[in-house]
Structure formats: structure tokens, C-alpha cells
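Chains, contacts and geometry: an overview
Okay, here's what each chain looks like letter by letter:
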Amino acid sequence: MKTNWKRYFGSGLILGASALVLAACGGTTDTSDTGSAENTSGEVVVEGDVKLWVDTDHVEVFKGIVADFEKEFPEVTVEVAAGSSADAKKDVSKDPKAAADVFMMPHDQVGQMAEAGLLYPNTKYADEVKANNVESAVEGVTWNDELYGYPYGVESQVLYYNKAKLTEDDVKSWTTLSEKGKIGTNFAEAGANYIFGPLFMSNGLYLYGETGEDPSGTNFNSEKGAEVLAWIAAQKNNPGVIQSGAEALANLEAGVSDAFLSGPWSKNDVIKALGENMGVAAYPTVDFGSGEVQMKAFLGVKLFAVNQQTDAPLASMALANYLSNETSQMTEFQEMGVIPSNKVVQANAEVQEDVVAKAVMEMSQSTHSVVMPKVPEIVSFWPAMDAIINDAYKGNITEDEYMEKLDKLVEDTSKVTEPKEEKE
């Protein structure tokens, strides 16, 4: 049964920064575009004009969801426009006042945008978000103990494999996987950072501390870190590992490899390549020398956020919350393939029957993944991580150089290094 969303909030509510907006209304029937006004009963009416940015490919999907929202909130008018979730920080920063009131974004930009004063805190629906979504999704939208977003999906890499070549038991550990078949994956090129950076956390280490918010909290420069580099170096001589970058999918289809690591974005391509032989599993375990441990991946959280400079904060928060509620997440799963973060939707039979969704949901547990850190310093992590993984795999650094290289990695990733501007 569809939720009957209330359009009115009691006049006694506390809304943090938005309380200032209510105070400015002076308890009158002001109907200017502030996203709120008091009616004669003293209730706060959610109203206003709101602009929503969503990814170009999904505009039509969200027009349908917004139409339902406007039925529940008839005093709110929403303009749906094409945007780019990946470029949220850049696009909103250009002119926050002219940017959308509500927009899609990836969670790893939350810290930078919150620090820059670009995000309106989730002051109305924080408890609802915490109660309804998996813990990792809540962590993804939190910065300095305050919620800044409304999660609607989770995303991580999984293991795709050819069921004609490998069994479910074969893919449970990296050892058996690479003994019984061949895995095509990237250790030697750009992008190895995203795939294999989490190996360090798999071995019990931290990237930017336990919560991913401490710029000086990385401890890769340790014996456990050196074990990871030694394991990476050993993969070059592992006959069951094939260096595969852009050609990983083609190798799988051609039978050159039997498995590869990728995310839900590869689902349709793998189906085309393997058909009914497509197998999907959570990551295997890996042995760095002290026994099997769970191999981890980075977890991404998809979310809606509200512009700090919105003129309609209550309407914008109501919209962001609606776009990420149980009903909307089911629609987003069915129409867009988004793996839900809502606990009830994750338990839905249709979602559970989707093998990719099921594997991603398993990966979303803290035992299998690390929520991508949100600190601004992470811009320095990617190039440094790529370099050390690539060099270890290629044998460009020796075992007695590991600690020196790891010390440098930790030093480099504890500060923000802005990309150099290209000369004209």
C-alpha cells in the first residue's frame, strides 16, 4: 500500500538551519518561495518551487516519481532537469545559487562539499534515514556525525565468473580461483588503485582512520602493508592471474579468462558474453601469509543532497527524502538497476532473486567492503596508490624497499594535492 505522506509538519519542530527560515516568516501567512509558511492553524506548510538535477539517462524515470511526489505535496512544484551526479561538486560550486535545490551525487564528495558549505544538513529526516537504510549507506552520507544526504543505493565490485569453468566453491578463495581457472584483472595499469587499494584494509589496516575521516589515520606503512605488497608482486608469476585492463570483458567472452572483478554496471555486458553461464559472487578470501581473510572492495553510496543555498529547504528535504524512500528505491531498482540501500527493499523477493544485486548487498556488509572515505585528502590517494601497486606488481620495487615506499604513500595521502593546471 502506498504511503500517505503528510504535507504538514507540527509548528514545534526543530530544523536546525531551517529554523531560521521559519523565524524569518514571523508566524505570518507569507507564501514567498521559502519552502515553508504558517497557515491559520499554526502548521508549517511545505511549499515552493524546487529544481531537481538527475543523470541524463534517468530523467524520464524521475519525472514519474516526481509526479507522485507532487500529488502528496501539491504546494510544491518540481522542475526535473538533466545533470551529472559524478560532477555534482564541480557543477554546484560554479554558482550554488543557480544550481539545483536537490541533486544526485556520489557519497565520496560529501566531505568536500560539506566543508565548502554546499550541502544543507538533513535536519528533518535523519532518524528516518538511519532506521530505514543499511549501516554502510548511513555511514556514506554522514560527515562529522551529521547527515548530509538521503541514500538511495549502494554499489561495489563483485566477482563475475564463468559457471561452465568454475564452481561456487572454486571462487570462494583467491587460491582456488586462480588454481582452478584464470582471473583477468588489472594490477599493472591506472585504475588498480580502486580495485586493489582495499587489500590493505582486508589485512586489518585503515585508510584515513576507522571512520575514513582522519587525514592522518592511514597506517599502511606496517608489516601488514608490506605483506600486501609482497602478495601483489607474487601475482605476476601466478599462472591463474592474467593482467587485463580494458580487455577484461573481451577476455572473459573469448575464454582467455574465466573470471573478472567489476560492478553492477557490467551486468548486461557479462550476460551478453556468458549467457546462462554467468556466475556472480561476493569477493573471495585471500591469504597474505597469515591465513585466509576476506578480500574487501570499496563501497559507494548513491544519494540525493540538498543545496545549502536553496530558497525552499523544507520542500527540498521532503523531495530528497521521497526520492529515496522505499517505494522510490523499488522503482529505481526496477527501472535503473540501482541496488537499494533500504533494508525492506533489499529483502524484497524480486531484489533477492537478482544475482548481481544479491552479491552487491553481501558486499555492502562491513566484513566485505570499506565505505569510500570522504575526506578531501583522498584526491591524493589515487595516484599514489596506483603507483605503488603498479610498481610492486611489475617488480620495479624490491621487498627491502616496501616500507620506504609505504612511508612515502602515507605521507603523500595525508594532504590535499590539487591537480596541476594545464598550460595553454
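Thresholds, definitions, all that
- Along each chain, residue indices are assigned from 1 in the same order as the chain's sequence is written.
- For this predicted model, a pLDDT threshold of at least 70 governs which residues receive local features, and a threshold of 80 or more governs which side-chain atom pairs are given and counted, while totals over whole chains, interfaces and linings are taken from all residues.
- Only heavy atoms go into the side-chain values, all of them from the structure, while hydrogens and water stay out.
- The helix count covers DSSP runs of H or I at least four residues long, the strand count covers runs of E at least two residues long, and both are numbered beginning at the N terminus.
- Throughout, exposure labels follow a simple rule: accessible area from a 1.4 Å probe, protein chains only, divided by the maximum for the residue type, with under 20% read as buried, over 50% as exposed, and the rest as partly exposed.
- Note on contacts: a residue pair qualifies if any of its non-hydrogen atoms lie within 4.5 Å across the two residues.
- Residue exposure ignores everything except the shown protein chains as possible cover, and the areas themselves are Shrake-Rupley values with a 1.4 Å probe.
- We call two N or O atoms a polar contact when they sit within 3.5 Å, provided that within protein one can donate a hydrogen and the other can accept it, with sequence-adjacent residues counted only if both atoms are side-chain atoms.
- The working definition used for a salt bridge is a side-chain nitrogen of Lys or Arg within 4 Å of a carboxyl oxygen of Asp or Glu.
- A pair of strands is labelled paired if DSSP reports no fewer than 2 bridges between them.
- To define axes, lines are fitted to C-alpha atoms, for helices over the stretch in contact only, and angles between the resulting N-to-C directions are given on a 0 to 180 degree scale.
- Throughout this description, any angle smaller than 35 degrees is read as roughly parallel, any larger than 145 degrees as roughly antiparallel, any in the 65 to 115 degree range as roughly perpendicular, and the remainder as oblique.
- Should the near helix be turned anticlockwise from the far one by less than a right angle, the crossing is left-handed, and should it be turned clockwise, the crossing is right-handed.
- Classes in brief: Ala, Val, Leu, Ile, Met, Phe, Trp, Tyr, Cys and Pro nonpolar; Asp, Glu, Lys and Arg charged; the others, Gly included, polar.
- Stacked, tilted and edge-to-face pairs are distinguished by plane angle, under 30 degrees for stacked and over 60 for edge-to-face with tilted covering the rest, among Phe, Tyr and Trp rings (Trp via its six-membered ring) whose centres lie within 6.5 Å.
- Confidence scores per residue from the predictor, reported as pLDDT, run from 0 to 100.
- Read the arc as the range of directions from the helix axis to the C-beta atoms.
- By convention a nonpolar core is built from buried Ala, Val, Leu, Ile, Met, Phe, Trp, Tyr and Cys residues, the set being connected through side-chain atoms within 4.5 Å.

For the protein chain, the count of helices and strands is 19 helices and 18 strands. Put simply, the protein chain has 424 residues, and 54% of those count as buried. Considering only residue pairs separated by 6 or more positions, the protein chain has 75% of its internal contacts joining residues 24 or more positions apart. Surface accessibility of the protein chain: about 18600 Å² in total, with carbon and sulfur atoms responsible for 47%.

Before going further, it helps to examine helix 14 (residues 326–336). Two residues of an α-helix separated by three or four positions point the same way, owing to the 3.6 residues in each turn. When we look at burial in helix 14, the residues that qualify are Ser-328, Gln-329, Met-330, Glu-332, Phe-333 and Met-336. For helix 14, the N-terminal capping position is held by Asn-325, with its side-chain oxygen 3.2 Å away from the main-chain nitrogen of Thr-327. Positive phi appears at Gly-337, one or two residues downstream of helix 14, with a value of about 75°.

A few words now on the pattern of salt bridges. Tallying each qualifying case throughout the model produces 10 salt bridges. Across the pair Lys-302 and Glu-155 runs a salt bridge, and its minimum N-O distance is 3.6 Å. Residue Lys-302 is found in strand 17 (residues 297–306), and its partner Glu-155 is found in strand 9 (residues 150–156); the two are separated by 147 residues along the sequence. Overall, the relative accessible area of 25% leaves Lys-302 in the partly exposed class. Close ionic contact of Asp-170 with Lys-180 constitutes a salt bridge, the shortest N to O distance being 3.2 Å. Residue Asp-170 is located in the loop between strand 10 (158–162) and helix 7 (174–180), and its partner Lys-180 is located in helix 7; the two are separated by 10 residues in the primary sequence. Relative accessible area serves as the criterion here: at 53%, Lys-180 is assigned to the exposed category.

We now examine the pairing of strand 14 (residues 278–281). For a regular strand, side chains alternate in direction, first toward one face of the sheet and then toward the other. Here strand 14 shows a buried face lined by Met-278 and Val-280 and a second buried face lined by Gly-279 and Ala-281. The pairing of strand 10 with strand 14 spans 4 bridges and is antiparallel. Within strand 14, the position partnered with Asn-162 by the bridge is Met-278.

Packing of helix 2 (residues 59–72) against helix 14 brings their axes to within 11 Å, and their N-to-C directions diverge by 155°. With respect to their mutual orientation, helix 2 and helix 14 come out roughly antiparallel. Seen along the crossing, helix 2 lies across helix 14 with a hand that is right-handed. Between helix 2 and helix 14, the contacting residues are Val-61, Phe-62 and Ile-65 on the first element and Ser-328, Thr-331, Glu-332, Glu-335 and Met-336 on the second. Of the residues belonging to the contact of helix 2 with helix 14, the class tally is 4 nonpolar, 2 polar and 2 charged.

A few words on the packing of aromatic side chains. Tallied over the entire structure, the rule returns 16 aromatic pairs. Taking the centre distance of 4.0 Å and the plane angle of 10° together, the rings of Phe-187 and Phe-196 count as stacked. When sorted by exposure, Phe-187 lands in the same class as Phe-196, which is buried. Residues Phe-200 and Phe-220 carry aromatic rings whose centres are separated by 4.4 Å and whose planes lie at 10° to one another, so their mutual orientation is stacked. Taken together, the residues Phe-200 in helix 9 (residues 199–202) and Phe-220 in the loop between helix 9 and helix 10 (223–234) connect sequence positions 20 residues apart. Here Phe-200 matches Phe-220 in class, with each residue buried.

To continue, consider the sheet that holds strand 10. Taken in spatial order, the 5 strands line up as 12-11-13-10-14 in an open sheet, and their pairing is mixed. Lying at the two open borders of the sheet, with one neighbouring strand each, are strand 12 (241–243) and strand 14. Ignoring which end each strand starts from, the neighbouring axes of this sheet average 30° apart. Note: strand 11 (residues 183–185) against strand 13 (residues 259–262), 2 bridges, orientation parallel. Bridge pairing in strand 13 places Gly-184 opposite Phe-260. Each of strand 10 and strand 14 is contacted by helix 17 (residues 355–363), which is oriented at about 20° to strand 14, the strand it contacts most.

A low pLDDT score tells you not to read the predicted coordinates there in detail. The predicted model of the protein chain averages 90 in pLDDT, with 88% of residues at 70 or higher. With pLDDT under 50 throughout, residues 1–42 is counted as low confidence; its partners more than four residues away or in other chains account for 88 contacts. Segment residues 420–424 is flagged for pLDDT under 50; beyond a separation of four residues in sequence, or across chains, it makes 0 contacts in the model.

This next bit is on helix 12 (residues 267–274). The set of residues buried in helix 12 consists of Val-270, Ala-273 and Leu-274. In a view along the axis of helix 12, the buried residues occupy a sector of 75°, so they form one face of it. Opposite the buried face of helix 12, at more than 90 degrees from it, the exposed residues are Asn-268 and Lys-272. Contacts made by the buried residues of helix 12 are with strand 10, helix 11 (248–254), strand 13 and strand 14. Phi for Gly-275, located one or two positions after helix 12, is positive at around 60°.

Among the nonpolar cores identified, the biggest contains 132 residues, and Leu-52, Trp-174, Phe-220, Ile-232 and Phe-304 are the most heavily contacted of them. Sequence-distant contacts of Phe-220, defined by excluding residues within four places in its chain, comprise Phe-200, Met-201, Leu-205, Tyr-206, Leu-207, Gly-225, Phe-381, Met-385, Leu-406, Leu-409 and Val-410.

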